Amino acid sequence: MTKSRVNETERMTITRVFDAPRELVWKAWTDPKYVMQWWGPKGFTAPVCQMDFRVGGKSLFCMRAPDGQEFWNAIEYHEIVPPEKIVSSMYFADSKGNKVEPAAYGIEHEAIDGAYDVTIFEDLGNGQTKLTFIGNEPMESAKNSGQLEGWNQILDKIAAVVAGLVQAK
Amino acid sequence: MIERLSHGPASVHRLTEPFALSQQMISKHIACLVRARIVIKTKRGRESVCTLRPAAIKTVSDWAISYRRFWEESFDKLEGVVNEMKKLEVKK
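Residues numbered from 1 in each chain as written. Chains lettered and ligands numbered in written order. Predicted model: local features only at pLDDT ≥ 70, side-chain atom pairs only at ≥ 80, totals over all residues.

Colleague: So what exactly am I meant to see when it comes to the overall build of chain A here?
Modeller: Helix and strand content of chain A: 4 helices and 7 strands. For chain A, the sequential pattern of α-helices and β-strands runs β-α-α-β-β-β-β-β-β-α-α. Relative to its full complement of 169 residues, chain A shows a buried share of 25%. Residue pairs in contact within chain A that sit at least 24 positions apart in sequence constitute 47% of those at least 6 positions apart. (Helix = DSSP H or I, 4+ residues; strand = E, 2+ residues; numbered from the N terminus. Buried ≥ 20, exposed ≤ 12 C-beta atoms within 10 Å, placed from the backbone. Contact = placed C-beta atoms within 7 Å.)

Spelled out as structure tokens, the structure:
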């Protein structure tokens, strides 16, 4: 398998095997009608999902946390090989799609310069598809970027959450 | 305050000490944390003792900081969507 870029850093990789044909998984990944149903962590909803799915195109997503906070993300597409591979860049954005620092959302995200997100759809036969997402983030950053430091940031976030809860009253 | 509690349970009195605030203000703040289900308050003799709820910390840290969590949980949901799509395809 050739990758456009070999990186010394181990990257955040997520894989999942679906008991469904590749075309179907591809559709669920690329059609806004379906993306809206899965975009975002557990308990989040995706109220906005504007997709311009073509090379050079840009999509805008909004996910809403259980406490009502909204997070906007944009994705730009660099390479699309249906139904096998997507090379894209995702970043945090405002509601107009302008790039913002993840810290503006209180999110820790260490991106690798010049690297892209790569999504690979593999046909495993027997109607199964393996989906691999290689994120533009070092594995170590995703896992344990210094427990203590992380802890402090978690505490700051709890404080913000509490403030939000109090305000919501 | 949560930083202090991360070292272990503490009485309301002990929690008040480092702050230039009245015990009443501190109690109000604690009441918020209890309502938000981040802190548990229990009576020990005449004193109230506060403890962090580990599950609460985990919930917040999980969704707030993790880019990985975003993808893992999105994948979980995607699985449900794909299964639904499959059912519909079969019906056609």
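Colleague: Quick question: what am I supposed to make of the sheet that holds strand E2 (residues 39-44) of chain B here?
Modeller: Consider a sheet: its strands pair through backbone hydrogen bonds, and that pairing is either parallel or antiparallel. Residues and elements named next belong to chain B. Strand order in the open sheet made by the 3 strands is E1-E3-E2, with antiparallel pairing throughout. The open sheet has two free edges, formed respectively by strand E1 (10-11) and E2, since each of these has just one partner strand. Here helix H3 (residues 23-35) sits on the sheet in contact with E2 and strand E3 (47-52), set at roughly 120° to E2. (Pairing = 2+ DSSP bridges. Axes fitted to C-alpha atoms, helices over the stretch in contact; angles between N-to-C directions.)

Colleague: So what exactly am I meant to see when it comes to unusual backbone geometry here?
Modeller: What is expected of a backbone is that most residues other than glycine have negative phi and most peptide bonds are trans. All names here are of chain A. Here Pro 82 and Pro 83 are connected by a cis peptide whose omega angle stands at -10°. In this fold, Pro 83 is placed in the loop between strand E4 (70-81) and strand E5 (85-93). Non-glycine residue Asn 126 carries a positive phi angle of around 50°. Tracing the backbone through its elements, the reader meets Asn 126 in the loop between strand E6 (117-125) and strand E7 (128-138).

Colleague: Explain the environment of Arg53(B) here, please?
Modeller: Relative to the helices and strands, Arg53(B) resides in the loop between E3 and helix H4 (54-65). Through-space distance from the C-alpha of Arg53(B) to that of Arg37(B) is 7.2 Å; in sequence the pair is 16 residues apart.

Colleague: Could you clarify how one ought to interpret the sheet that holds E7(A) in this entry?
Modeller: Residues and elements named next belong to chain A. Across the sheet, 7 strands lie side by side as E1-E7-E6-E5-E4-E3-E2; this open sheet has antiparallel pairing. Every interior strand has two partners, whereas the edge strands, strand E1 (11-18) and strand E2 (45-50), have only one. On average, each strand axis in the sheet is inclined to that of its neighbour by 25°, with strand direction left out of account. Note that E6 and E7 share 7 bridges and pair antiparallel. Along E7, the bridge assignment pairs Ile 120 with Thr 132.

Colleague: Just to check I follow, could you spell out the nonpolar core for this structure?
Modeller: Across soluble globular proteins, you tend to see nonpolar side chains buried next to one another. If you look at the biggest cluster of nonpolar residues, it comprises 11 residues: Phe18(A), Ala20(A), Leu24(A), Val25(A), Ala28(A), Trp29(A), Phe121(A), Leu131(A), Leu78(B), Val81(B) and Val82(B). Of all the secondary-structure elements, those providing two or more residues to this core are helix H1 (22-30) of chain A together with helix H5 (67-91) of chain B. Take this core: its biggest share by element is 4 residues, from H1(A). Beyond its immediate chain neighbours, meaning those up to four positions away, Val81(B) contacts Ala28(A), Tyr34(A), Gln37(A) and Trp38(A). (Core = buried A, V, L, I, M, F, W, Y, C linked by C-beta atoms within 7 Å.)

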